[in-house]
Amino acid sequence: MKKIAVDISHGKSYQILIGEGIVVEKGLAAVLCGRGSSCLVVTDRNVAGLYKKLLPPKMRTLVLPPGEKEKKFSNIERICRGAVESGLDRGSQVVALGGGVVGDMAGFAASIYMRGVDYVQVPTTVLAMVDSSVGGKTGVDLPEGKNLVGTFWQPAAVFADTSFIRTLPAREIRCGLAEIIKYGVILDPRLFSALEKGMKFLLACDLSVYEKIIARCCRLKADVVEKDEKEGGLRAILNYGHSFGHAVEKVAGFGKFSHGEAVGIGMRMAAKFAVASGMLSPQEERRQNGLLDMAGLPKSVKASAEKIYSAMFSDKKARAGRLRIVVPRAIGRVELLDSPDPGRVLSAIEAYCSP
Ligand code: ADP
Ligand code: ZN
C-alpha cells in the first residue's frame, strides 16, 4: 500500500491511500469507521450493481444514474435532500463511491450542504484515482458547457483501491491511461520511461504496477496543486492537451470520444504545434505519440479543423477571447503560451482531422 499526503492551503491536509483490496476486502464501513457522526454514500447504478456487497444495509446510500449527462444541478438537490433524509449534520460526511462524475457531484453537494461537510472519496476508475482525487475541484455541467459551476473543496481522505480497475471496461482504462501519460509528458521523464516499459503490464491489468503509477501521478498532481490551488498559473500545466481535447470532444459530439480519448488527440495536436514552432524535437513528439498508440488511444477525429479551432475559444480557460495553450518542450517539461500563432494552431489540428 502507498500513502500520499496532500497538503493544500489552510493547513488542511489529507491522505490518499492506494492499494489492492484496501476497500473491497474490508468493506466500506470498516474503512470509514470512526469518521464523522454519520454518513451518506453516493454512487451510481453500475458501481452499486458490481459492488453491492460493499454497501451494508445499514449504510445509507444514494444511487444515481451513471454517465456524464447526469452531472447536473438536479442531482445535487437529490444528494442534499438525501443528506437531510439520512439525518446528516455538520459533523457528518458524504462518501463518493464511483468515477469522476460521482466524485464531482458528491464533493459539490458536500461543499454546500449545511455550508460544507466532510467528504471521503473512494474512486473506482483509473481516471478518478489519478485525477479527481487530488485538487479538490467539484461541480456540475450546464447545458452551455462542462464544469461551469462548482467549488474547490478538499476531501477529508481518499481510498484508492486498485482492485476496482478489474471490472472497468477497456475503454475506461484507456481514458485513465491518457491522463497518466499526460503526467509523464508535463512533469516526469522517469515516469514516462516507466510507462514505455510498463504499458503492457497496465494493459494486462497488473495491479501492483497500477499502484506505483497511480501513487506517482497523485504525488505529481499534489505538488502542483499545493503550490497553486486555485489555478493562478502553475496548475494550468495540468491542462496539457485539454484546450485542444475539449474542443475535439465538443465538435465530435459529446459521447463520441471519452474525455481521455479526446485529451490524447489534444496532446498529439499540442506536440505537433510545438514541433512546427521549433519548441520540441520531432523525436520527442514521436515518443509521446508512440506511447499514446501503445495505450490504444485514437489517432484522429472525423471533424472540420476550423470548427475545432473556433471551439477552443469557447473553452472557459480561454480568457477574454485569448487562447492559452500548454506546449511541450521535452518529455517532462512544458510551458504556457499565450496567443499562439493561429495558422500554426490550425495546421496542428488539421494534422489529426480526417474527413
Ligand atoms: P470518469 O470521469 O472517472 O471516467 P465516470 O464517473 O463517468 O468516470 O465513470 C465512467 C463509467 O464507468 C460509468 O458508467 C461508471 O458507472 C462506470 N464505472 C465506474 N467505476 C467502475 C468500475 N470499477 N467497474 C466498472 N464500471 C465502473
Ligand atoms: Zn482531464
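Since we're looking at a predicted model, the values are computed, not measured.

A.B. asks: Whenever I open this one, the pairing of strand β3 (residues 39-44) confuses me. Can you help?
C.D. replies: When a strand is regular, its side chains alternate between the sheet's two faces. Within β3, six of the six residues are buried, leaving the element largely enclosed by the surrounding structure. Two strands pair when backbone bridges link them, and β3 and strand β5 (residues 93-98) are joined in this way by five bridges, in the parallel orientation. The residue bridging cysteine 39 from the neighbouring strand is glutamine 93, located in β5. The parallel pair β3 and strand β4 (residues 60-64), bridged by helix α2 (residues 45-50), forms a crossover whose chirality is right-handed.

A.B. asks: In this structure, what is going on with the coordination of the zinc ion (ligand 2)? I would like to understand it.
C.D. replies: Reference values for angles at a metal are 109.5 degrees in the four-donor tetrahedral case and 90 or 180 degrees in the six-donor octahedral case. In this structure, Glu179 (OE), Glu179 (OE), His242 (NE2) and His259 (NE2) serve as the protein donors to the zinc ion (ligand 2), at separations of 2.1 to 2.8 Å. One way to put it: the four donor atoms around the zinc ion (ligand 2) meet at angles of 48 to 137°, and that makes the site irregular. Positions of the donor residues of the zinc ion (ligand 2) along the chain correspond to the pattern E-x62-H-x16-H. Taken together, the residues span a long stretch of sequence, with glutamate 179 in helix α6 (residues 170-187) and histidine 259 in helix α10 (residues 259-276) at a distance of 80 residues. Each of the two residues, glutamate 179 as well as histidine 259, counts as buried.

A.B. asks: Mind showing me how you'd approach the packing of aromatic side chains here?
C.D. replies: Centre-to-centre distance and the angle between the planes together describe a pair of aromatic rings. Per the counting criterion, the structure on display carries three aromatic pairs. Here the aromatic rings of tyrosine 51 and phenylalanine 164 are separated by 4.8 Å at their centres, their planes lie at 75°, and the arrangement is edge-to-face. On the criterion of sequence distance, the pair formed by tyrosine 51 in the loop between α2 and β4 and phenylalanine 164 in the loop between β9 (157-161) and α6 is long-range, its members being 113 residues apart. Owing to a relative accessible area of 8%, tyrosine 51 belongs among the buried residues under this scheme. Assessed through its relative accessible area of 1%, phenylalanine 164 is described here as buried. Ring centres of tyrosine 309 and phenylalanine 313 lie 5.2 Å apart, and the angle between their planes is 80°; this geometry places the pair in the edge-to-face category. The exposure class assigned to tyrosine 309 is buried, which follows from its relative accessible area of 19%.

A.B. asks: When you look at helix α9 (residues 242-252) in this model, what are you seeing that I'm missing?
C.D. replies: At 3.6 residues per turn, the α-helix brings residues three or four places apart onto the same side. Within the span of α9, buried status applies to His242, Ser243, Phe244, Gly245, Ala247, Val248 and Glu249. Among the residues trailing α9, glycine 253 stands out with phi positive, at a value near 100°.

A.B. asks: Please clarify how the environment of phenylalanine 313 should be interpreted in this entry.
C.D. replies: Structurally, phenylalanine 313 can be placed in the loop between α12 (305-312) and β11 (324-330). Accessibility expressed as a relative area gives 31% for phenylalanine 313, which makes it partly exposed. C-alpha of phenylalanine 313 to C-alpha of leucine 323: the two residues are 10 residues apart in sequence and 6.5 Å apart in space.

A.B. asks: Just checking my understanding: could you explain the packing of α9 against α10 for this structure?
C.D. replies: For any two helices packed against each other, one specifies the crossing angle of their axes together with the interaxial distance. Where α9 contacts α10, the two axes come as close as 7 Å, and the packing angle between them is 125°. By the criterion of interaxial angle, the relationship of α9 to α10 is oblique. The way α9 lies across α10 gives a crossing that is right-handed. Between α9 and α10, the residues in contact are His242, Phe244, Gly245, His246, Val248 and Glu249 and His259, Ala262, Val263, Ile265, Gly266, Met269 and Ala270, respectively. Residue composition of the contact of α9 with α10, grouped by class: seven nonpolar, five polar and one charged.

A.B. asks: Hey, could you run me through the pairing of strand β6 (residues 118-123) in this one?
C.D. replies: Most of β6 sits out of view: five of its six residues are buried. Pairing between β6 and β9: two bridges, direction parallel. In the sheet register, glutamine 121 faces β9, and the bridge partner there is valine 158.

A.B. asks: Please explain empty space enclosed by the protein as it appears in this structure.
C.D. replies: Over the atoms a probe the size of a water molecule is rolled, and this reveals where empty space is left. Counted by the stated rule, this structure contains two cavities of 30 Å³ or more. Estimated volume of the largest cavity: approximately 50 Å³. What lines the largest cavity is Ala96, Gly98, Gly99, Gly100, Gly103, Gln121, Val122, Pro123, Ala128 and Ser132. Elements with a minimum of two residues in the lining of the largest cavity: β5, α4 (100-112), β6 and α5 (126-132). Each residue belonging to the lining of the largest cavity can be placed in one class, and the counts come to four nonpolar, six polar and no charged.

A.B. asks: When you look at the side chain of asparagine 75 in this model, what are you seeing that I'm missing?
C.D. replies: When you line up the elements, asparagine 75 lands in helix α3 (residues 73-85). A distance of 2.6 Å separates a polar atom in the side chain of asparagine 75 from the backbone oxygen of glutamate 70.

A.B. asks: Is there a simple way to think about the domain arrangement of the protein in this case?
C.D. replies: Interfaces are often sized by the amount of accessible area the parts lose when they come together. Split into domains, the protein comes out as domain 1 (2-166) and domain 2 (169-355). The C-alpha centroid of domain 2 is placed 26 Å from the C-alpha centroid of domain 1. Facing 30 residues of domain 1, the contacting portion of domain 2 comprises 30 residues. Of the roughly 2700 Å² buried at the junction of domain 1 and domain 2 (both faces included), carbon and sulfur atoms supply 66%. With its nearest N and O atoms 3.2 Å apart, the salt bridge here joins aspartate 131 to lysine 221. On inspection of domain 1 and its partner domain 2, the count reaches seven residue pairs in polar contact (both at pLDDT 80 or more). Of all the secondary-structure elements, those providing two or more residues to the side of domain 1 that touches domain 2 are β1 (2-8), β2 (12-19), α5 and β8 (145-149).

What counts, and at which threshold
- Residues numbered from 1 in each chain as written.
- Chains lettered and ligands numbered in written order.
- Predicted model: local features only at pLDDT ≥ 70, side-chain atom pairs only at ≥ 80, totals over all residues.
- Heavy atoms only, no water.
- Buried < 20%, exposed > 50% of the residue type's maximum accessible area, 1.4 Å probe, protein only.
- Helix = DSSP H or I, 4+ residues; strand = E, 2+ residues; numbered from the N terminus.
- Pairing = 2+ DSSP bridges.
- Right-handed = clockwise from strand over helix to strand, strands pointing away.
- Donors = N, O, S within 2.8 Å, 3.2 Å for Na, K, Ca; no water.
- Tetrahedral: all angles 85-135°; square planar, octahedral: opposite > 155°, others 65-115°.
- Phe/Tyr/Trp six-rings, centres within 6.5 Å; stacked < 30°, edge-to-face > 60°.
- Axes fitted to C-alpha atoms, helices over the stretch in contact; angles between N-to-C directions.
- Parallel < 35°, antiparallel > 145°, perpendicular 65-115°, else oblique.
- Left-handed = near helix turned anticlockwise from the far one by under 90°.
- Contact = heavy atoms within 4.5 Å.
- Nonpolar A, V, L, I, M, F, W, Y, C, P; charged D, E, K, R; others polar.
- 1 Å grid on protein atoms, 1.4 Å probe; cavity = no way out; pocket = protein on both sides within 12 Å on 5 of 7 lines; lining within 4 Å.
- Points joined across faces, edges and corners; volume = space filled by probe spheres on them.
- Polar contact = N/O pair within 3.5 Å; in protein donor to acceptor, adjacent residues only side chain to side chain.
- Domains from an automatic or database assignment.
- Buried area = accessible area lost by both parts, 1.4 Å probe.
- Salt bridge = Lys/Arg side-chain N within 4 Å of Asp/Glu carboxyl O.

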